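Geometric and topological summary
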Amino acid sequence: MKQTKILVVGSINMDLIVYGVPKIPKFGESIACGRYTYATGGKGANQAYAAALQGASVSMVGRIGDDHNGHTIETELSSVGIDTTFVFTDQEAQTGIAPIMVDDEGKYFSLTVLGANNHLSAEDVMKAIAAKDYDMVLMQLEMPLETVYRTYEIAKENNIPVFLDAGPAMNIPLERLKGIYIISPNEAETEALTGISIDSEEQALQAAQQLYERVTPTFVILKMGSRGAYVYDGTEGKMYAPFKVDAVDSTGAGDTFNASLAIKLCQGYPMETGIQFAQAAAAICVSRNGAQSSIPNAGEVEEFLQANKRSAKLN
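Because the structure is predicted, anything quoted here is derived from the model rather than measured.

1. Quick look at the overall build of the chain
Counting its regular elements, the chain contains 9 helices and 13 strands. For a compact globule of 315 residues, the expected C-alpha radius of gyration is about 20 Å, and the chain comes in at 18 Å, within 12% of that figure. Seen through its principal axes, the chain has C-alpha atoms that stretch 45 × 45 × 40 Å. The buried share of the chain, reckoned over its 315 residues, is 53%. Long-range pairs, those at least 24 residues apart, make up 67% of the contacts in the chain with a sequence separation of at least 6. Summed over its atoms, the accessible surface of the chain is roughly 13,500 Å², and 49% of this surface lies on carbon and sulfur atoms. The centroid of the 24 positive side-chain charges in the chain is displaced by 4 Å from the centroid of its 38 negative side-chain charges.

Now the structure itself:
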């Protein structure tokens, strides 16, 4: 099978992950937590890393600062075969950083200082698209909104499907994303975009229908955490139950899900097969600590599927 070629456009951050967070503090309150670690991250870099581990040929477009964090992340991305030709060093800004707070159930909230990510431009994207052919573009919202829109427009002009991870949560105008291939928010992002809290399958359908009417994508895919994934194609919706694992840290799971699904769809597999593979990859991710350090490779996902007797005959 021909190797899938993926272009990831998006954020590159250093994550500061704090574990054992008992609650969200109030302003002026200090609380004791368990431990911390640093890990390379950013939604864009996480997706690039996951796609590379799943066997794709990956190029990354992003910006880092001329600092220790930036150089560390670029080295880490290169170590798994990601083409960092279009990861530009910004002399005017620091590398992005994200403090991530994880509780004992593996749930998290995060803060993000975008830094150099705020300087990612459409010109950066144009250089990458002019250099190679790609099967799909993956992007997120951790960059200037105009760059998000222009990335879609440039990709569309070059007949490249675009998969938008609609995170972090924000309410943005969607008109310029009309006809996008996939828009995929999680629960918080869905509520930010639609005003609907997806606490049930019925509410998931309502939110998916609203997004479909506004964007007319090929698919709306709602990532619903421990409840699974909801896929809507403009005609009908379907809920896909997740694999049950002991979750310790959900950081990076959504990014892993999206990248893994994108590759399977590019390889010609049906949506159901792609969702199953992506859910398995995400399940492994949440059972480990960290973002990129928790992402499985393709072999690990296949073994997981076999062990859980839900293999969709991916080979």
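2. A short note on the environment of Gly-195
Note on placement: Gly-195 falls in the loop between helix 5 (187–194) and helix 6 (201–215). In this structure Gly-195 comes out as exposed when scored by relative accessible area, which is 60%. Measuring from C-alpha to C-alpha, the distance between Gly-195 and Asn-171 comes to 9.1 Å, with 24 residues separating the pair along the chain.

3. A closer look at the packing of aromatic side chains
Across all of its chains, the model carries 5 aromatic pairs by this definition. Look at Phe-243 and Phe-304: their rings are 5.1 Å apart centre to centre, the planes differ by 80°, and that puts the pair in the edge-to-face class. Of this pair, Phe-243 sits in the loop between strand 13 (237–240) and helix 7 (253–266) while Phe-304 sits in helix 9 (residues 298–307), and the two are 61 residues apart along the sequence. Residue Phe-243 shares its accessibility class with Phe-304, and that shared class is buried. Positioned above the aromatic ring of Phe-277, the side-chain terminus of Lys-264 is 4.4 Å from the ring centre.

4. Let's talk about the side chain of Lys-223
In this structure, Lys-223 sits in strand 11 (residues 219–223). Taking relative accessible area as the criterion, Lys-223 reaches 10% and is therefore assigned buried. A distance of 2.7 Å separates the side chain of Lys-223 from the backbone oxygen of Ser-184, its partner in a polar contact. Apart from residues lying up to four places away in sequence, Lys-223 is in contact with Asp-165, Ser-184, Pro-185, Asn-186, Glu-187, Gly-228, Gly-254, Phe-257 and Asn-258.

5. Some details on the environment of Leu-222
Counting through the fold element by element, Leu-222 comes out in strand 11. For the pair Leu-222 and Gly-115, spaced 107 residues apart in sequence, the C-alpha separation works out to 28 Å. Every residue in contact with Leu-222, bar those within four places of it in the chain, is listed here: Pro-185, Thr-190, Ile-198, Ala-204, Ala-207, Ala-208, Leu-211, Gly-228, Ala-229 and Tyr-230.

6. Points about the sheet that holds strand 5 (residues 83–90)
Backbone-to-backbone hydrogen bonds join strands into a sheet, with any given pair of strands oriented parallel or antiparallel. Here we have 9 strands laid out as an open sheet, ordered 5-4-1-8-9-10-11-12-13, and mixed in their pairing. In this open sheet, the two strands that pair with only one neighbour each are strand 5 and strand 13. Strand-to-strand, the axes of this sheet are offset by a mean angle of 15°, without reference to chain direction. For strand 9 (residues 162–165) and strand 10 (residues 182–184), the ladder comprises 3 bridges, and the chain directions are parallel. The residue bridging Leu-164 from the neighbouring strand is Ile-183, located in strand 10. Relative to strand 4 (residues 57–65), helix 1 (residues 43–53) is tilted by about 155°, and along the sheet it contacts strand 1 (5–9), strand 4, strand 8 (136–139) and strand 9.

7. A few points about the packing of helix 7 against helix 8 (residues 271–286)
Relative orientation of the contacting elements helix 7 and helix 8 amounts to 150°, with a least axis distance of 8 Å. Here helix 7 is positioned roughly antiparallel relative to helix 8, judged by the angle of their axes. In this structure, the crossing between helix 7 and helix 8 has a hand that is right-handed. Taken together, the residues of helix 8 that come into contact with helix 7 (itself represented by Ala-253, Thr-256, Phe-257, Ser-260, Leu-261, Lys-264 and Leu-265) are Met-271, Gly-274, Ile-275, Phe-277, Ala-278, Gln-279, Ala-281, Ala-282, Cys-285 and Val-286. Of the residues assigned to the contact of helix 7 with helix 8, the class counts are 12 nonpolar, 4 polar and 1 charged.

8. As for the pattern of salt bridges
Here the structure, examined in full by the defined rule, presents 14 salt bridges. Counted as one network, the salt bridges with shared partners bring together Lys-43, Asp-165, Lys-223 and Asp-255.

What counts, and at which threshold
- Residues numbered from 1 in each chain as written.
- Predicted model: local features only at pLDDT ≥ 70, side-chain atom pairs only at ≥ 80, totals over all residues.
- Heavy atoms only, no water.
- Helix = DSSP H or I, 4+ residues; strand = E, 2+ residues; numbered from the N terminus.
- Rg over C-alpha atoms; globule rule 2.2 N^0.38 Å.
- Buried < 20%, exposed > 50% of the residue type's maximum accessible area, 1.4 Å probe, protein only.
- Contact = heavy atoms within 4.5 Å.
- Areas by Shrake-Rupley, 256 points an atom, 1.4 Å probe, with all protein chains shown as cover.
- Lys, Arg positive; Asp, Glu negative; His and termini not counted.
- Charge placed at Lys NZ, Arg CZ, Asp CG, Glu CD.
- Phe/Tyr/Trp six-rings, centres within 6.5 Å; stacked < 30°, edge-to-face > 60°.
- Lys NZ or Arg CZ within 6 Å of the ring centre and 35° of its normal.
- Polar contact = N/O pair within 3.5 Å; in protein donor to acceptor, adjacent residues only side chain to side chain.
- Pairing = 2+ DSSP bridges.
- Axes fitted to C-alpha atoms, helices over the stretch in contact; angles between N-to-C directions.
- Parallel < 35°, antiparallel > 145°, perpendicular 65-115°, else oblique.
- Left-handed = near helix turned anticlockwise from the far one by under 90°.
- Nonpolar A, V, L, I, M, F, W, Y, C, P; charged D, E, K, R; others polar.
- Salt bridge = Lys/Arg side-chain N within 4 Å of Asp/Glu carboxyl O.

What is shown is where atoms sit, not what they do.
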